[in-house]
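Next come the chains, spelled out residue by residue.
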Amino acid sequence: QVQLVESGGGLVQAGGSLRLSCAASGRTFSSYAMGWVRQAPGKEREFVAGIKRSDGSTVYADSVKGRFTISRDNAKNTVALQMNSLKPEDTAVYYCAAGMTIGPMRMGLSDYWGPGTQVTVSS
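(A) Looking closely at the overall build of the chain. Helices and strands together make up the secondary structure of the chain, namely zero helices and eleven strands. For the chain, whose C-alpha radius of gyration is 13 Å, the value lies close to the compact-globule estimate of 14 Å for 123 residues. Taking the principal axes of the C-alpha coordinates as reference, the chain spans close to 40 × 25 × 25 Å. When the 123 residues of the chain are sorted by exposure, 44% land in the buried category. By element, 48% of the accessible surface of the chain is carried by carbon and sulfur atoms, the whole surface being about 6200 Å². Charge-centre separation for the chain: the mean point of 13 positive side chains lies 4 Å from the mean point of 9 negative side chains.

Structure (structure tokens):
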């Protein structure tokens, strides 16, 4: 089992940057695929980015490709999401997710979730 806690959210102007971090408990962090999923008010959860457990390869939603970068540090049990060139439509609660594969995260599903962190981008 793993527990996740996000940090780094906040208010930023359009075009700015934020870096989200997710700290995971447990000794088996490296055995989990990790990802970020967001949910805007009145909308369903949307996959943002994922990083595989096997080779660290990454997957991104088309809406954030080229602007966001996901990374993980297995020694520190953390996963980060660097968000650049932020847009008002990026405003959402961002959730850290952990699971065996990235596949379910693409549908807004995962084995484990953090409580979420709010990101607000003003125009």
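(B) Representation of the state of the cysteines within the structure. Going through the model one piece at a time under the given rule, you end up with one disulfide. A sulfur-sulfur separation of 2.2 Å characterises the disulfide bridge that pairs C22 with C96. As the torsion about the S-S bond is roughly -85 degrees, the C22-C96 disulfide counts as left-handed. Taken together, the residues span a long stretch of sequence, with C22 in strand β3 (residues 18-24) and C96 in strand β9 (residues 92-99) at a distance of 74 residues. The exposure classification of C22 matches that of C96, with both residues buried.

(C) A look at the pairing of strand β8 (residues 78-83). In terms of strand pairing, β3 meets β8 through six bridges, oriented antiparallel. By the bridge assignment, L18 is partnered in β8 with M83. Examined bridge by bridge, strand β7 (residues 68-73) and β8 share six bridges and lie antiparallel to one another. Residue pairing for β8: S71 is matched across the bridge by A80. Between β7 and the antiparallel strand that follows it, β8, lie four residues; N77 among them carries a positive phi value of about 55 degrees.

(D) Inspection of the sheet that holds β8 at higher detail. Read from one edge of the open sheet, four strands run β1-β3-β8-β7, paired in antiparallel fashion. Where the open sheet ends on each side, the last strands, each with one partner, are β1 (4-7) and β7. For this sheet, the mean inter-axis angle between neighbouring strands, taken without regard to orientation, is 15 degrees. As defined by bridge partners, β1 adjoins β3 across four bridges and the pair is classed as antiparallel. Each bridged residue has a counterpart across the sheet, and for L4 the counterpart in β3 is A24.

Reading the values: the criteria
- Residues numbered from 1 in each chain as written.
- Predicted model: local features only at pLDDT ≥ 70, side-chain atom pairs only at ≥ 80, totals over all residues.
- Heavy atoms only, no water.
- Helix = DSSP H or I, 4+ residues; strand = E, 2+ residues; numbered from the N terminus.
- Rg over C-alpha atoms; globule rule 2.2 N^0.38 Å.
- Buried < 20%, exposed > 50% of the residue type's maximum accessible area, 1.4 Å probe, protein only.
- Areas by Shrake-Rupley, 256 points an atom, 1.4 Å probe, with all protein chains shown as cover.
- Lys, Arg positive; Asp, Glu negative; His and termini not counted.
- Charge placed at Lys NZ, Arg CZ, Asp CG, Glu CD.
- Disulfide = S-S within 2.5 Å.
- Pairing = 2+ DSSP bridges.
- Axes fitted to C-alpha atoms, helices over the stretch in contact; angles between N-to-C directions.

Functional significance is not addressed by these values, which are geometric in nature.
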